[in-house]
Amino acid sequence: MILWSAERKHCVMIGAGAVGLLFFLLFLASSTPCLGDPDPGKERLEAVLTGIKGNYAALPGLTVPYERDVVTRSMAILDENIKSDVASGLIHFKPPHFLRIEQRTPRTELVISDGQVLWWYIPEKKEAYRYSTRKMGKELKLLSDVFQGLKEVEDGFQVELTDPGECGPYHLKLIPQPPWTDIDFILLDISREDYTIQSFKIHNYLGGFTRFTLGDPTIRKGFEKGFFAFVPPEGVRIIKEED
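Residues numbered from 1 in each chain as written. Predicted model: local features only at pLDDT ≥ 70, side-chain atom pairs only at ≥ 80, totals over all residues. Heavy atoms only, no water.

### A word on the overall build of the protein chain
Inference 1: Regarding its fold elements, the protein chain presents four helices and 15 strands.
Inference 2: Within the protein chain, buried positions represent 51% of all 243 residues.
Inference 3: Total accessible area on the protein chain is roughly 12200 Å²; 52% of this is exposed by carbon and sulfur atoms. (Helix = DSSP H or I, 4+ residues; strand = E, 2+ residues; numbered from the N terminus. Buried < 20%, exposed > 50% of the residue type's maximum accessible area, 1.4 Å probe, protein only. Areas by Shrake-Rupley, 256 points an atom, 1.4 Å probe, with all protein chains shown as cover.)

Laid out in structure tokens, this is it:
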């Protein structure tokens, strides 16, 4: 799995050589050009943010299927819909910061965080990486914000909205303020009909991005005890990453 950037040696969310982390393919082909407003204005932005909060802010928890793929700068120039390093699985989230990502293809991997420690477990290698959330607090907070309806998004991001018209969803661009070391901006696709989050793309400074396409979420009223805890199985090598 890959979390934020394919070019990083150590990624944090569900990744290919690091820890990395997330509804269906977005755009339908159309012979009619989009006639949406590239600058819908503050009132439309507030309406979209309010709609997202209404969907997610009060949820007790959720499980959502995802497909994750990586697009390099050269691929994006040719066609950003080209897919590479594709992975899929389930994301489980419980407010305010409990996260469990179960990658099922192309190989089994597991990422678990209780808000204090994040584990990345690779069964076929019998390895488990242990990270302090201090090292990747911004990334985890971003995921928490996404699955809580972007309640506090304007505290850490410059937020911009574009309306592509009838051809597709709203595009919500989040620019970290102050800037982040590896991430240029995050682009969310929001359904025009019901304000659900369809996908998000994490763009790096090299011109590529990691894309999470999300499926239909299932509301979870509770998770079994210990669901967001990780106990390394016997024989697994533990690698502790420095804070």
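More follows now that the structure is in view.
### As for the nonpolar core
Inference 1: The biggest cluster of nonpolar side chains holds 43 residues, and the ones touching the most others in it are Phe-147, Leu-150, Leu-172, Leu-174, Ile-186 and Leu-188.
Inference 2: Beyond its immediate chain neighbours, meaning those up to four positions away, Leu-174 contacts Leu-142, Leu-150, Val-153, Phe-157, Gln-158, Val-159, Phe-185, Ile-186 and Leu-188. (Core = buried A, V, L, I, M, F, W, Y, C linked by side-chain atoms within 4.5 Å. Contact = heavy atoms within 4.5 Å.)

### Structural notes on the side chain of Glu-109
Inference 1: With respect to the helices, strands and loops of the structure, Glu-109 is situated in strand β6 (residues 109–113).
Inference 2: A polar contact is formed between the side chain of Glu-109 and the side chain of Trp-120, at a distance of 3.0 Å. (Polar contact = N/O pair within 3.5 Å; in protein donor to acceptor, adjacent residues only side chain to side chain.)

### Observations concerning the packing of aromatic side chains
Inference 1: On inspection of all chains with the given rule, the structure shows 11 aromatic pairs.
Inference 2: Geometrically, the ring pair formed by Trp-120 and Tyr-129 is stacked, given 5.0 Å between the ring centres and 25° between the ring planes.
Inference 3: Exposure remark for Trp-120: the relative accessible area of 2% places this residue in the buried category.
Inference 4: Between Phe-227 and Phe-228 the ring centres are 5.1 Å apart and the planes differ by 85°, which places this aromatic pair in the edge-to-face class. Comparing Phe-227 with Phe-228, the two get one shared label, buried.
Inference 5: Three or more aromatic residues joined by ring pairs make a cluster, and in this case those are Phe-98, Phe-223, Phe-227 and Phe-228.
Inference 6: Its guanidinium or amino end placed over the ring of Tyr-170, Arg-192 lies 5.0 Å from that ring's centre, counting from NZ or CZ.
Inference 7: Sitting above the plane of the Phe-209 ring, Lys-201 keeps its charged end 4.9 Å from the centroid. (Phe/Tyr/Trp six-rings, centres within 6.5 Å; stacked < 30°, edge-to-face > 60°. Lys NZ or Arg CZ within 6 Å of the ring centre and 35° of its normal.)

### What about a negative patch on the surface?
Inference 1: Taken together, Glu-43, Glu-46, Glu-152, Glu-154 and Asp-155 make up a surface patch of like negative charges.
Inference 2: Put simply, the parts of the chain that give the negative patch at least two residues each are α1 (42–56) and α4 (153–156).
Inference 3: Tracing the backbone shows Glu-43 in helix α1.
Inference 4: A relative accessible area of 71% places Glu-43 in the exposed class. (Patch = residues over 30% accessible without salt bridge, like charges linked within 9 Å, V, L, I, M, F, W, Y side chains within 5 Å. Salt bridge = Lys/Arg side-chain N within 4 Å of Asp/Glu carboxyl O. Lys, Arg positive; Asp, Glu negative; His and termini not counted. Charge placed at Lys NZ, Arg CZ, Asp CG, Glu CD.)

### What about the pattern of salt bridges?
Inference 1: On inspection of all chains with the given rule, the structure shows six salt bridges.
Inference 2: Where Arg-104 meets Glu-102, a salt bridge forms, and the shortest distance between an N and an O atom there is 3.7 Å.
Inference 3: Relative accessible area serves as the criterion here: at 52%, Arg-104 is assigned to the exposed category.
Inference 4: What makes Glu-102 buried here is its relative accessible area of 16%.
Inference 5: Of the charged contacts in the structure, one is a salt bridge between Arg-107 and Glu-109, with a shortest N-O distance of 2.6 Å. Both residues of the pair, Arg-107 and Glu-109, count as buried.
Inference 6: One connected set of salt bridges, linked through shared partners, spans Arg-100, Glu-102 and Arg-104.

### Details of the confidence of the model for the protein chain
Inference 1: Confidence in the prediction of the protein chain, expressed as mean pLDDT, is 80, and 77% of residues score 70 or more.
Inference 2: The spread of mean pLDDT over the elements of the protein chain runs between strand β2 (residues 19–20), the lowest at 36, and strand β4 (residues 87–94), the highest at 96.
Inference 3: The model gives residues 4–33 a pLDDT under 50, and that stretch makes 113 contacts with residues more than four places away or in other chains. (pLDDT = per-residue confidence, 0-100.)

### Quick look at the environment of Leu-118
Inference 1: Relative to the assigned elements, Leu-118 resides in strand β7 (residues 117–122).
Inference 2: Its relative accessible area of 1% is what places Leu-118 among the buried residues.
Inference 3: For the pair formed by Leu-118 and Tyr-131, sequence separation is 13 residues and the distance between their alpha carbons is 5.1 Å.

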